[in-house]
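Each chain, written out:
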Amino acid sequence: MAKKLKKSATNAKNTGKNVSAKNNRQTRKQTEDDKNKHKSAIIKDHNLKFKNKSTKNKLTKTVKQIHKNGEKRAFINILNSDTVNVVNVKNKDKGKISRQVQNKKNQQINDKKLIQQKQNKKNKISDQSKNKLNNDKELAKKAKSKSTGLETKQKQKLNEKTKKLSKVLKKQIRQKESKFSTVPKKKNNDSQVIINRNLDIKHLEKLLANKQKEQKMKEINMKPQSLRQRMMTKLKASRFRYLNETLYNNESSESKKYFKSDPDAFKAYHEGYKQQVDQWPVNPLDIVIASIKKMPKEYIVADFGCGEARLATVVPHKVHSFDFVSLNENVTACDVAHTNLLASSVNVVVFCLSLMGTNLKDYIVEANRVLKKGGILKIAEVESRFEQVKDFIEAINSYGFKIIWKDLSHNLFYFLDFEKEKDIRGRRNNLPPITLKPCLYKKR
Ligand code: SAH
């Protein structure tokens, strides 16, 4: 390659010589200078400078020819009108490679820059969106904290209100309870029973409101009492307590005799009883009524110790109502230990606060007799009458029943439902006694 280049360069040199010779106007020194210039340029394989355009063209032609012949040993670049860049093939390749590498590097740098720019843009956008998101979050957080703050405040207020109300109600219930029974309350140890003593605040609230309303109405209607009237009120209360005690402490046959001889006494008893019911937060008969209303309409009900027989008037069922004395046409006067009902003739027997008398065994035996198999015995009683509710349930079970439902959640009353499993007729002597404490009312 060097030879060829030398040749071409010599050609160029000769051409240059010929030109200067042809022109013959230039000095010798100038010709020498040109010679040296071309020579050094060729040797150094750098830019060649030509004195005029035609010299340059000739050289270019020559180099191109070399290139065309496939020798590919030289590479020429025309830089401007009088300068040509002749590159040695090796250098050319090197140049190419280095250029390629450089280009690649540049490309990479450019790419990197582009990527960086894109990344920056992205980051900027994501930063912006992040900021926005953060702002939104912050705002949402603020809003939330504001609202939860409000909510908690409201909740706190509500809780405080409920607590206050439940306190007042509990106090009232306790007061009523203490009035209601002289017998100290015993805790129920029945582990099988799930006791839910949570007060139904809403329900109690309603009841309290009603009672307060009633009380106000009574106060409005009440005229100042004379001494005679006040004495009469006290006497009535004492009479009620006495009759109540009589009912609890005697056999039902004795009570029946007593009320038969003095029907007014029975009326007096029921007046006092109604006043007592007014003092309770809930009338257990209402709970019994609600449960019977849910039963099939074709069920026949027997209300044992019905009082005024309200149950018969409010349920759609056929109801046989029994009490010692008939206060209205719905009531059949009799001792519930011996009714005129046919054996296995009713679906439901109700004892709502009417398990009075010292012969409760006779009451339950009669219930077993009149009930159909699978019939229901419903008992509602004052809680303080039970020594151990578990023992009471066991005793009733031995009378041919099995407990199917119980609600011990009410503060004053227990509600127990039994199902008749079998007839006990003929086996009554082997049955255990059924005992409940008398429910005695305090002197007011
Ligand atoms: N169950 C009614 C009345 C409850 S007062 C109500 O919840 O409103 C209790 C009633 O049971 C009294 O009227 C009393 O006379 C009656 N009673 C108690 N033992 C009785 C018996 N052996 N025979 C008939 N009635 C009886």
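Since this is a predicted model, take the numbers as computed values, not measurements.

Engineer: Help me out: how do you make sense of the site of the ligand in this one?
Structural biologist: Among the 18 residues in the neighbourhood of the ligand, the closest are listed as His270, Gly305, Asp323, Asp335 and Tyr363. Interatomic distance of 2.6 Å between a side-chain N/O atom of His270 and an oxygen atom of the ligand. The contact in question runs from a nitrogen atom of the ligand to an N or O atom on the backbone of Val336, over 2.9 Å. In isolation the ligand offers 570 Å² of accessible surface; the protein chains occlude 97% of this area. It is helix α8 (residues 263–279) that contributes the most residues to the shell around the ligand, three residues altogether. Of the residues assigned to the shell around the ligand, the class counts are 11 nonpolar, five polar and two charged.

Engineer: Explain the side chain of Glu383 to me, please; I cannot follow it from the model alone.
Structural biologist: In this structure, Glu383 sits in the loop between β8 (371–382) and α12 (389–397). A residue is classified by how much of its surface remains accessible, and Glu383, at 6% relative accessible area, is buried. One polar contact links Glu383 to Tyr414, side chain to side chain, over a distance of 3.5 Å.

Engineer: Just to check I follow, could you spell out the sheet that holds strand β10 (residues 413–420) for this structure?
Structural biologist: The pairing of strands in a sheet comes from backbone hydrogen bonds and takes either a parallel or an antiparallel form. Reading across from one edge, β6-β5-β4-β7-β8-β10-β9 is the order of the seven strands in this open sheet, with mixed pairing throughout. Edge positions in the open sheet fall to β6 (331–333) and β9 (401–407), since each of these has one partner strand only. The average angle at which neighbouring strand axes cross in this sheet is 20°, direction not considered. Taken together, the six bridges between β9 and β10 define a ladder with antiparallel strand orientation.

Engineer: Got a minute to help me understand the nonpolar core in this structure?
Structural biologist: It is characteristic of soluble globular proteins that their nonpolar side chains tend to be buried jointly. The biggest cluster of nonpolar side chains holds 39 residues, and the ones touching the most others in it are Phe259, Trp280, Ile292, Leu311, Val350 and Phe413. Of all the elements, α8 adds the most residues to this core, at six residues. If we ignore the near neighbours within four places in the chain, the residues touching Ile292 are Val301, Leu311, Val315, His317, Val350 and Lys378. One finds Ala367, Phe392, Ile434 and Leu436 within the second-largest nonpolar core, a separate group that totals 35 residues.

Engineer: Please clarify how α8 should be interpreted in this entry.
Structural biologist: For an α-helix, the turn length of 3.6 residues means that residues three or four places apart are oriented alike. For α8, with 17 residues, the first-to-last C-alpha span of 25 Å sits near the 24 Å given by 1.5 Å per residue. Within α8 the residues assigned to the buried category are Ala265, Phe266, Ala268, Tyr269, His270, Gly272, Tyr273, Gln276 and Val277.

Engineer: How should helix α7 (residues 252–261) be read in this particular structure?
Structural biologist: The set of residues buried in α7 consists of Ser252, Ser255 and Phe259. End-on view of α7: buried residues confined to an arc of 55°, all on one side of the axis. For α7, the exposed residues lying more than 90 degrees away from the buried face are Lys257, Lys260 and Ser261. In this structure, the buried residues of α7 make contact with α6 (227–249), α8 and α11 (360–370).

Here is what the cut-offs are and how they apply
Residues numbered from 1 in each chain as written. Predicted model: local features only at pLDDT ≥ 70, side-chain atom pairs only at ≥ 80, totals over all residues. Heavy atoms only, no water. Near = heavy atom within 4 Å. Polar contact = N/O pair within 3.5 Å; in protein donor to acceptor, adjacent residues only side chain to side chain. Areas by Shrake-Rupley, 256 points an atom, 1.4 Å probe, with all protein chains shown as cover. Helix = DSSP H or I, 4+ residues; strand = E, 2+ residues; numbered from the N terminus. Nonpolar A, V, L, I, M, F, W, Y, C, P; charged D, E, K, R; others polar. Buried < 20%, exposed > 50% of the residue type's maximum accessible area, 1.4 Å probe, protein only. Pairing = 2+ DSSP bridges. Axes fitted to C-alpha atoms, helices over the stretch in contact; angles between N-to-C directions. Core = buried A, V, L, I, M, F, W, Y, C linked by side-chain atoms within 4.5 Å. Contact = heavy atoms within 4.5 Å. Expected span 1.5 Å × (residues − 1). Arc of directions from axis to C-beta.

Interpretation note: all reported values are geometric properties and have no functional meaning in isolation.
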